[in-house]
Amino acid sequence: MSSTVNANLERGIAFKIEGRYEEATAEFQKLLDETPDSCDGHHQLGLVYGFTGLFDESIEELKLASSLDGSRLDIRNDLALTYSMLGFFDEAKAEFQEVLRQDPTNSKALENMQYFD
C-alpha cells in the first residue's frame, strides 16, 4: 500500500471518528480511486455509508470488502450487524454463522447469535 493510500485511510478514519462523514467519504473514495481492491477502503466506506443512512450502499461496500478478504471477521461482523439493524435477520445470522465457522470463539458473533435462537 502506498504512503498516499495509507494517508487517505488514516485521514478517513480520523474524519469518521470525528463524525465528519463527508470528508471521510472523500478520503476513502480517493483511496479507492488509487487502489480499487482495497479491502480497508471498502470496509471503512461501508461503515460511513451506514452511519449516514445510505444502507444499500453500506451493504454493498461491506459485501465487497468481505469478498476481497473473507478471513477478515471484523468485516463480516460489521456486515452482520448492518443486516440486523435493517431487519435482514436471515442474512445477519448467516454472516455470524460464517464468523463462528472460522472462529468458534469469536465473542462478538457469539454474543449476537443469542438473538437468533
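Relevant structure appears above.
Since this is a predicted model, take the numbers as computed values, not measurements.

Visitor: Is there a simple way to think about the pattern of salt bridges in this case?
Guide: If charged atoms from side chains of opposite charge come close, those side chains can pair. A complete count under the given rule lists 9 salt bridges for this structure. Here Glu95 ties to Arg76 by a salt bridge, and the two come within 2.7 Å at their closest N and O atoms. Of this pair, Glu95 sits in helix H6 (residues 89-102) while Arg76 sits in helix H5 (residues 73-85); the two residues are 19 residues apart in sequence, bridging distant segments of the chain. For the pair Glu95 and Arg76, one class covers both residues: buried. Through salt bridges with shared partners, a single network forms among Arg11, Glu27 and Lys30.

Visitor: Honestly, the nonpolar core in this entry has me stumped. Any pointers?
Guide: Soluble globular proteins tend to bury their nonpolar side chains together. In this structure, Leu79, Tyr83, Phe96, Ala109, Met113 and Phe116 are the most contacted members of the largest nonpolar core, which totals 14 residues. Every element with two or more residues in this core is listed here: helix H4 (55-68), H5, H6 and helix H7 (107-113). With residues up to four places along the chain from it excluded, the contact list for Phe116 reads Ser84, Phe89, Ala92, Lys93 and Phe96. Leu9, Leu31, Leu32 and Leu45 belong to the second largest nonpolar core, which has 10 residues in total.

Criteria and thresholds
For every chain, the first residue of the written sequence is number 1, and numbering continues from 1 onward in sequence order. The model is predicted, so local features are restricted to residues of pLDDT at least 70 and side-chain atom pairs to those at 80 or more, both for listing and for counting; the totals for chains, interfaces and linings are taken over all residues. Values shown for side chains rest on all heavy atoms present in the structure; no hydrogens or waters enter the calculation. Throughout this description, the term salt bridge denotes a Lys or Arg side-chain nitrogen within 4 Å of a carboxyl oxygen of Asp or Glu. A helix here means a DSSP run of H or I that spans at least four residues, while a strand means a run of E at least two residues long, and both kinds are numbered starting from the N terminus. Under the scheme applied here, a residue whose accessible area is under 20% of the maximum for its type counts as buried, over 50% as exposed, and between as partly exposed, the area being computed with a 1.4 Å probe on protein chains only. Side-chain atoms within 4.5 Å link the members of a nonpolar core, which is a set of buried Ala, Val, Leu, Ile, Met, Phe, Trp, Tyr and Cys residues. Whether two residues touch is decided by their heavy atoms; if any such pair falls within 4.5 Å, the residues are in contact.

Scope: geometric values only; no functional claims are made or implied.
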